[in-house]
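Analysis of the macromolecular model
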Amino acid sequence: MANNLDGRVIKGVGGSFSVETQEGVIVCPARGLLKRDDDCILIGDYVELTKDPTWLITKVYPRKNELVRPPVSNIDVLVVVLASEPKPDYVLLDKMIIACYNNNIKPIICVNKTDISTAVLEYVERVYGDFIKIYSVSANTGDGIKEFVESLQGTVCFCGQSAVGKTSLLNVITEQNEETGELSRIMRGRNTTRHVSIHRINSKCELIDTCGFSKLEAGLPDKKEICLYYPDFMKVGECKYRMCQHVREPECAIRAAVKKRKIDLKRYYRYLNILGVRNYDED
Ligand SMILES: Nc1nc2c(ncn2[C@@H]2O[C@H](COP(=O)(O)OP(=O)(O)OP(=O)(O)O)[C@@H](O)[C@H]2O)c(=O)[nH]1
Ligand SMILES: [Mg+2]
Ligand SMILES: [Zn+2]
């Protein structure tokens, strides 16, 4: 074997990383400097390994992109998984979409558990359907899975609230048996998946399973720019002011569209919430 090898970090537990290389998967630590803080190596990183005398990660190659939540790098697609249970947090969805556009990642919405209800699917199709690809699936019945998987390309990362069924979907897609959890467990604040990991699906796609989360603050652009990441706002027309934030400015095309319900009222209120605007009265 050569003394240097390139590879990709596919898993990391307690300072020990699994790196996929031409020679197979090598499990090894990272050189001191690289693990100074926990975020220094992310799952998805392309790295150099050196054998001296045992394998060590000695370099992290520049990243195409990286997210803080979920903590991954070099991804092409982020699939936000939603379900009727637990109740979707649409502020979280809107923030994930903004973080995607801000980091050059393609967002996709996947509505799981459609065997229970299709109400979530109907809402997201109405509000997001014009600018985001939406898939309807059930990990339990297998409905929609084939079409969903066939569409996936590159490094695809699942994210979303705990218990929406990210690992369950991974299990049906890969025919694996990773641990999944009950909703009751999540209500007690416990995540089932505690480590991020990458799984190869076929020659054109690998899937990343991540830990559920309920808050997202990092990876978003400056507040003033947030409205630029709303394709549904951009298409309704131009406001009087070029730098309009669509809050209280006169002759705002966005607020006019909200009034006519051409923009979903709740989506607009979430936008104000993300901007941190309070005490807003709809006039
Ligand atoms: N009815 C129904 N239940 C599902 C479906 N998919 C997953 N579940 C259930 O939802 C619960 C949570 O599933 P997980 O796959 O562990 O959820 P997760 O998103 O990976 O959760 P974390 O790892 O905590 O982030 C389990 O009890 C699953 O059996 C589905 O399509 N239909
Ligand atoms: Mg999981
Ligand atoms: Zn405006």
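Since this is a predicted model, take the numbers as computed values, not measurements.

Some remarks on the overall build of the chain
- Regarding its fold elements, the chain presents eight helices and 13 strands.
- Expected size for 283 residues packed as a compact globule is a radius of gyration near 19 Å; at 21 Å, the chain falls within 12% of this value.
- Taken along the three principal axes of its C-alpha coordinates, the chain extends 70 × 45 × 35 Å.
- Evaluated residue by residue, the chain yields a buried proportion of 34% over its 283 residues.
- Once local pairs closer than 6 in sequence are excluded, the contacts in the chain between residues at least 24 apart make up 62%.

A few points about the environment of arginine 200
- Note on placement: arginine 200 falls in strand E12 (residues 197-202).
- Along the chain, arginine 200 and lysine 133 lie 67 residues apart, while their C-alpha atoms are 22 Å from each other.

What about the site of ligand 1?
- Residues in contact with ligand 1 amount to 24 residues; listed here are only the nearest, Gly165, Ser168, Thr180, Thr193 and Gly212.
- For the shell around ligand 1, the elements supplying multiple residues, two or more each, are helix H4 (166-174) and helix H5 (183-187).

A look at the nonpolar core
- Membership of the largest hydrophobic core comes to 67 residues, with the highest contact counts inside it found for Leu78, Val79, Leu82, Met96 and Ile208.
- The greatest single-element share of this core, amounting to eight residues, is contributed by helix H1 (residues 90-102).

Considering helix H2 (residues 119-128)
- Val120, Leu121, Val124 and Tyr128 are the residues of H2 that are buried. Projection of H2 onto a plane perpendicular to its axis shows the buried side chains occupying an angular sector of 95 degrees, all on one side. H2 presents Ala119 and Arg126 as exposed residues on the side facing more than 90 degrees away from its buried surface.
- As for H2, its buried residues are in contact with strand E8 (77-82), strand E9 (106-111) and strand E10 (133-136).

Some details on the domain arrangement of the chain
- Entries for the chain in the domain assignment read domain 1 (4-60), domain 2 (66-209) and domain 3 (223-275).
- Its C-alpha centre places domain 1 at a distance of 27 Å from the equivalent point of domain 2.
- Contact with domain 1, which involves nine residues of that partner, is made by twelve residues of domain 2.
- The dominant element in the side of domain 1 that touches domain 2, judged by the number of residues it contributes, is strand E1 (residues 4-13), at three residues.
- Tallied by class, residues from the side of domain 1 that touches domain 2 come to five nonpolar, one polar and three charged.

Focus on unusual backbone geometry
- Looking along the chain, the bond that leaves aspartate 52 and enters proline 53 is cis, with omega of -10 degrees.
- Here the residue pair arginine 69 and proline 70 is connected by a cis peptide bond, since its omega of -10 degrees sits within 30 degrees of zero.
- Note that proline 70 resides in the loop between strand E6 (66-67) and strand E7 (72-73).
- The residue asparagine 74 is not glycine, and still its phi comes out positive at about 55 degrees.
- Along the chain, the position of asparagine 74 falls in the loop between E7 and E8.
- The backbone of glutamate 251 sits at a positive phi, close to 50 degrees, despite the residue not being glycine.
- Within the secondary structure, glutamate 251 sits in the loop between helix H6 (231-234) and helix H7 (253-259).

Brief notes about the environment of arginine 8
- Here arginine 8 lies in strand E1.
- The spatial distance from the C-alpha of arginine 8 to the C-alpha of isoleucine 26 is 10.0 Å, given a sequence separation of 18 residues.
- Those residues in contact with arginine 8 that lie beyond four places of it in its chain are Val19, Glu20, Asp45 and Tyr46.

Points about the packing of H1 against helix H8 (residues 265-275)
- At their nearest, the axes of H1 and H8 sit 10 Å apart, and the two run at 70 degrees to each other. By the angle between their axes, H1 is roughly perpendicular relative to H8. Note on element contacts: H8 touches H1 through Arg270, Asn273 and Ile274, opposite Tyr90, Val91, Asp94 and Lys95.
- Here the residues of the contact of H1 with H8 are counted per class, giving three nonpolar, one polar and three charged.

Re the pairing of strand E5 (residues 55-60)
- Where strand E4 (residues 46-51) lies against E5, five bridges are found, and the strand directions are antiparallel. Looking at E5, one finds that leucine 49 is bridged to isoleucine 57.
- Between E4 and E5, which pair antiparallel one after the other, the connecting turn spans three residues.

Conventions and cut-offs
Residues numbered from 1 in each chain as written. Chains lettered and ligands numbered in written order. Predicted model: local features only at pLDDT ≥ 70, side-chain atom pairs only at ≥ 80, totals over all residues. Helix = DSSP H or I, 4+ residues; strand = E, 2+ residues; numbered from the N terminus. Rg over C-alpha atoms; globule rule 2.2 N^0.38 Å. Buried ≥ 20, exposed ≤ 12 C-beta atoms within 10 Å, placed from the backbone. Contact = placed C-beta atoms within 7 Å. Near = placed C-beta within 6 Å. Core = buried A, V, L, I, M, F, W, Y, C linked by C-beta atoms within 7 Å. Arc of directions from axis to C-beta. Domains from an automatic or database assignment. Nonpolar A, V, L, I, M, F, W, Y, C, P; charged D, E, K, R; others polar. Axes fitted to C-alpha atoms, helices over the stretch in contact; angles between N-to-C directions. Parallel < 35°, antiparallel > 145°, perpendicular 65-115°, else oblique. Pairing = 2+ DSSP bridges.

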